[in-house]
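Descriptive structure summary
Spelled out from the first residue to the last, the chains are:
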Amino acid sequence: MASVLVVGASIAGPALAFWLQRAGFDTTVVERAPALRPGGQAVDLRGVARQVAVLMGLDDEIRAARTATAGFSVVDRDGIVLSSMRPEDFAGDGQIAEIEILRGDLSRLLYEATSDSIEYIFGERITVVDEQADGVTVEFANGSNRQFDVVIGADGLHSAVRAAIFGDESKFLHDMGTCIGLWSVPNHLGLENWALAYNESGCSAGIRPVHQNREAIVYVSFPSDEIRFDYRDVAAQKQLVRQRTAGMGWEVPLLVAQIDEAPDFYFDTCSQVLLDSWSRGRIGLVGDAAFCPSPLTGQGTSLAFVAAYVLAGELASAGGDYSAGLAAYERRMREWVLDTQLMGREGNADSRLGAVANAFALPHYSSMF
Ligand SMILES: Cc1cc2nc3c(=O)[nH]c(=O)nc-3n(C[C@H](O)[C@H](O)[C@H](O)COP(=O)(O)OP(=O)(O)OC[C@H]3O[C@@H](n4cnc5c(N)ncnc54)[C@H](O)[C@@H]3O)c2cc1C
């Protein structure tokens, strides 16, 4: 049985592991964090990604775990509502998608659907990836070595697998000009399935109640110009959030004051990953590692979800020629990905999202059914 190492256990990694297992690959997933990472805002499954959820047999579970957010209002500094939106205003594929689920909940569902049959290694990372004619030798931080037939990086925006095959990320990351920070707080505003957003001087902040309104997720975003930060230095990122939101009105001071007590915290630039190729030989990339379109498109999770299915299908169809399988996966996906990234750069996601989310014909791979 051919073996595949998947690096990263968020969305693309477990989704890929699901389909690889179905296609008969011996699959191992390695994740740097000590456990499945919680946190993140709601992410969306739009258009074709909803079809993949059905093919996985996870549609009911995913729908049951959907956020119950009925819409959101933009407020002024005194909390007075300026405007409001609901999902039905966009036929389920607009700013608020029909299937909107917390990133952490989707990751957990994918993990639970695969963890019985797939080896997950948490708290570990790869240090060396060395390709030979008949396989890929991987060295882990604990000093051990293993050989796999294929290695796939599903390790996000700052992918180590991508760095191993293509070099430093500064060549591929296109900063879209915005940073985003996210953390959980108690639902102290007593919000009932309704989110609030506030804008002041180019900075935005918002709060959304989640998990039956028991808790809430806060986001802040502000321009990323001139910002240099270490994406692993959480304390410095929190300090940056405090500095950039200082003096803002509405509930912002109270929300930011809770940042240290939060059980989770995520901060990054909204960036796109622009690569000429998503693989080299037997080593490939999927999800944000390969083609992050940035959170501004609302399409990152949908792309990762569909790409995981196509990648597994093409590897299974490649008759053992895995580099050809990786190239076929990229040929199928690239146009859709580029169109989505373009939508993000042009900043017209609001009007094009529904069409772009559906603009891909899902191939059928009999080996996975
Ligand atoms: C904690 C968190 C919160 C997020 N919140 C949001 C959000 O609110 N809104 C939004 O639009 N997007 C968010 N994202 C990004 C979103 O999940 C992705 O854009 C999309 O779902 C594609 O996912 P991915 O699996 O390709 O990448 P990611 O979700 O970024 O996952 C990459 C995974 O790889 C792991 N990893 C990284 N480096 C290594 C390594 N060297 N070795 C092993 N594992 C490694 C990471 O810990 C992570 O689990 C978040 C991501 C994370 C990790």
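Keep in mind that this is a model prediction, so the values were computed, not measured.

Section: the packing of helix α1 (residues 12-22) against helix α4 (residues 103-114)
Here α1 crosses α4 at 25°, and the two axes come no closer than 9 Å. Classed by the angle they form, the pair α1 and α4 counts as roughly parallel. In this structure, α1 meets α4 at a crossing whose hand is left-handed. Touching Pro14, Ala15, Ala17, Phe18 and Gln21 of α1 are Ser107, Leu110, Tyr111, Ala113 and Thr114, all from α4. Classifying every residue of the contact of α1 with α4 gives seven nonpolar, three polar and no charged.

Things to note about the domain arrangement of the chain
On domain assignment, one finds that the chain holds domain 1 (3-68 + 99-172 + 274-368) and domain 2 (176-270). Contacts between the two partners involve 13 residues from domain 1, matched on the other side by 15 residues from domain 2. Residue composition of the side of domain 1 that touches domain 2, by class: six nonpolar, seven polar and no charged.

Focus on the pairing of strand β4 (residues 71-75)
With five bridges joining them, β4 and strand β13 (residues 194-200) adopt parallel strand pairing. By the bridge assignment for β13, Gly71 is matched with Trp194. Sheet topology note: the β4/strand β5 (residues 81-85) ladder contains four bridges and is antiparallel. Among the inter-strand pairings, Val74 is bridged to a residue of β5, identified as Ser83. Taking the residues between adjacent antiparallel strands as the criterion, β4 and β5 are bridged by five residues, where Gly79 takes a positive phi near 85°.

Regarding the site of the ligand
In the region of the ligand, 33 residues are neighbours, and Gly8, Ser10, Gly40, Gly156 and Gly287 sit closest. Elements with a contribution of two residues or more to the shell around the ligand: α1, β2 (26-31), α8 (288-291) and α9 (300-317). Considering each element in turn, the shell around the ligand owes the most residues, three residues, to α9. A breakdown of the residues in the shell around the ligand according to their chemical character gives 16 nonpolar, 10 polar and seven charged.

Re the environment of Ile101
Positionally, Ile101 belongs in strand β6 (residues 99-102). For Ile101, a count of 23 C-beta atoms within 10 Å corresponds to the buried category. Sequence separation between Ile101 and Val210 is 109 residues; the distance between their C-alpha atoms is 9.7 Å. Discounting residues that sit within four places of it in the chain, Ile101 has contacts with Ala42, Val43, Ile62, Ala65, Arg66, Thr67 and Leu106.

Some thoughts on the sheet that holds β5
One open sheet accounts for seven strands, arranged β5-β4-β13-β14-β15-β12-β16; its pairing is mixed. Two strands close off the open sheet at either side, each with one partner strand: β5 and β16 (265-273). On average, each strand axis in the sheet is tilted by 20° relative to the strand beside it, whichever way the strands run. Pairing of strand β14 (residues 203-210) with strand β15 (residues 215-223), which is carried by seven bridges, proceeds in the antiparallel orientation.

Definitions and limits used
Residues numbered from 1 in each chain as written. Predicted model: local features only at pLDDT ≥ 70, side-chain atom pairs only at ≥ 80, totals over all residues. Axes fitted to C-alpha atoms, helices over the stretch in contact; angles between N-to-C directions. Helix = DSSP H or I, 4+ residues; strand = E, 2+ residues; numbered from the N terminus. Parallel < 35°, antiparallel > 145°, perpendicular 65-115°, else oblique. Left-handed = near helix turned anticlockwise from the far one by under 90°. Contact = placed C-beta atoms within 7 Å. Nonpolar A, V, L, I, M, F, W, Y, C, P; charged D, E, K, R; others polar. Domains from an automatic or database assignment. Pairing = 2+ DSSP bridges. Near = placed C-beta within 6 Å. Buried ≥ 20, exposed ≤ 12 C-beta atoms within 10 Å, placed from the backbone.

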